[in-house]
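Secondary and tertiary structure notes
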Amino acid sequence: MNIIDEYINNAILIEEMNNTRIKKSNVNRYNKLAQRMRKIAQIIDKDYPELKSSFADLLYHNSQTVRIWCAHHILEVMRYSDIIQQKAIKEIMQRAVDDYGEKLWLDKWKALH
């Protein structure tokens, strides 16, 4: 399994945990999956620039969860062109309509950038 597949699998596991309500015993697992996804994004950005195009393609993945995690990591820990960043912002904006936490995150990110 390559690291992009691992990233997708972790996002889907997180989605499954969210759908079944996270039990206290699963909080550590959830956090470890999220931390690993962030680390994968950092590794791709720093060490595997040839994978950046494939990673950005996750913004078009069938899973909304994969798309939103990818969008956040593109904006938070990776360096991409303005076009890719705008696609990531658009993905978060679509989610922010129904998710106040996403709206707050996006407002804060825009204020800093």
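Residues numbered from 1 in each chain as written. Predicted model: local features only at pLDDT ≥ 70, side-chain atom pairs only at ≥ 80, totals over all residues. Heavy atoms only, no water.

Some words on the overall build of the chain
Helix and strand content of the chain: six helices and zero strands. Taken against the 2.2 N^0.38 rule, which gives 13 Å for 113 residues, the C-alpha radius of gyration of the chain at 14 Å falls within 12% of a compact globule. Counting across all 113 residues of the chain, residues that qualify as buried make up 38%. Looking at the chain alone, contacts between residues at least 24 apart form 55% of all its contacts between residues at least 6 apart. (Helix = DSSP H or I, 4+ residues; strand = E, 2+ residues; numbered from the N terminus. Rg over C-alpha atoms; globule rule 2.2 N^0.38 Å. Buried < 20%, exposed > 50% of the residue type's maximum accessible area, 1.4 Å probe, protein only. Contact = heavy atoms within 4.5 Å.)

Considering the nonpolar core
Among the nonpolar cores identified, the biggest contains 32 residues, and Tyr7, Phe55, Leu58, Trp69, Ile74 and Met78 are the most heavily contacted of them. At the level of secondary structure, the elements contributing two or more residues to this core comprise helix 1 (3-19), helix 2 (27-47), helix 3 (52-56), helix 4 (64-77), helix 5 (82-96) and helix 6 (100-112). The leading source of residues in this core is helix 4, at eight residues. In this view, methionine 78 contacts Ala41, Ile44, Asp45, Phe55 and His73; residues no more than four positions away in its chain are not counted. (Core = buried A, V, L, I, M, F, W, Y, C linked by side-chain atoms within 4.5 Å.)

Notes on the packing of helix 5 against helix 6
Helix-helix packing: each pair is described by the crossing angle between the helix axes and the interaxial distance. It is the contact of helix 5 with helix 6, at a shortest axis distance of 8 Å, that shows an interaxial angle of 140°. The angle between helix 5 and helix 6 places the two elements in the oblique class. Considering the relative orientation of helix 5 and helix 6, their crossing is left-handed. When helix 5 is examined against helix 6, the residues Ile89, Ile92, Met93, Arg95 and Ala96 are found in contact with a partner set consisting of Glu102, Lys103, Trp105, Leu106, Trp109 and Lys110. When its residues are assigned to classes, the contact of helix 5 with helix 6 shows seven nonpolar, no polar and four charged. (Axes fitted to C-alpha atoms, helices over the stretch in contact; angles between N-to-C directions. Parallel < 35°, antiparallel > 145°, perpendicular 65-115°, else oblique. Left-handed = near helix turned anticlockwise from the far one by under 90°. Nonpolar A, V, L, I, M, F, W, Y, C, P; charged D, E, K, R; others polar.)

Side note on helix 6
With 13 residues, helix 6 should reach 18 Å at 1.5 Å per residue; the first-to-last C-alpha distance of 19 Å fits that figure. Within helix 6, burial applies to Glu102, Leu106 and Trp109. Down the axis of helix 6, the sector holding all buried residues measures 65°, keeping them to one side. Residues of helix 6 that are exposed and point over 90 degrees away from its buried face: Tyr100, Lys108, Ala111 and Leu112. Lining the buried residues of helix 6 we find helix 4 and helix 5. N-cap assignment for helix 6: the residue whose side-chain oxygen lies 3.0 Å from the backbone N of glycine 101 is aspartate 99. (Expected span 1.5 Å × (residues − 1). Arc of directions from axis to C-beta. Polar contact = N/O pair within 3.5 Å; in protein donor to acceptor, adjacent residues only side chain to side chain.)

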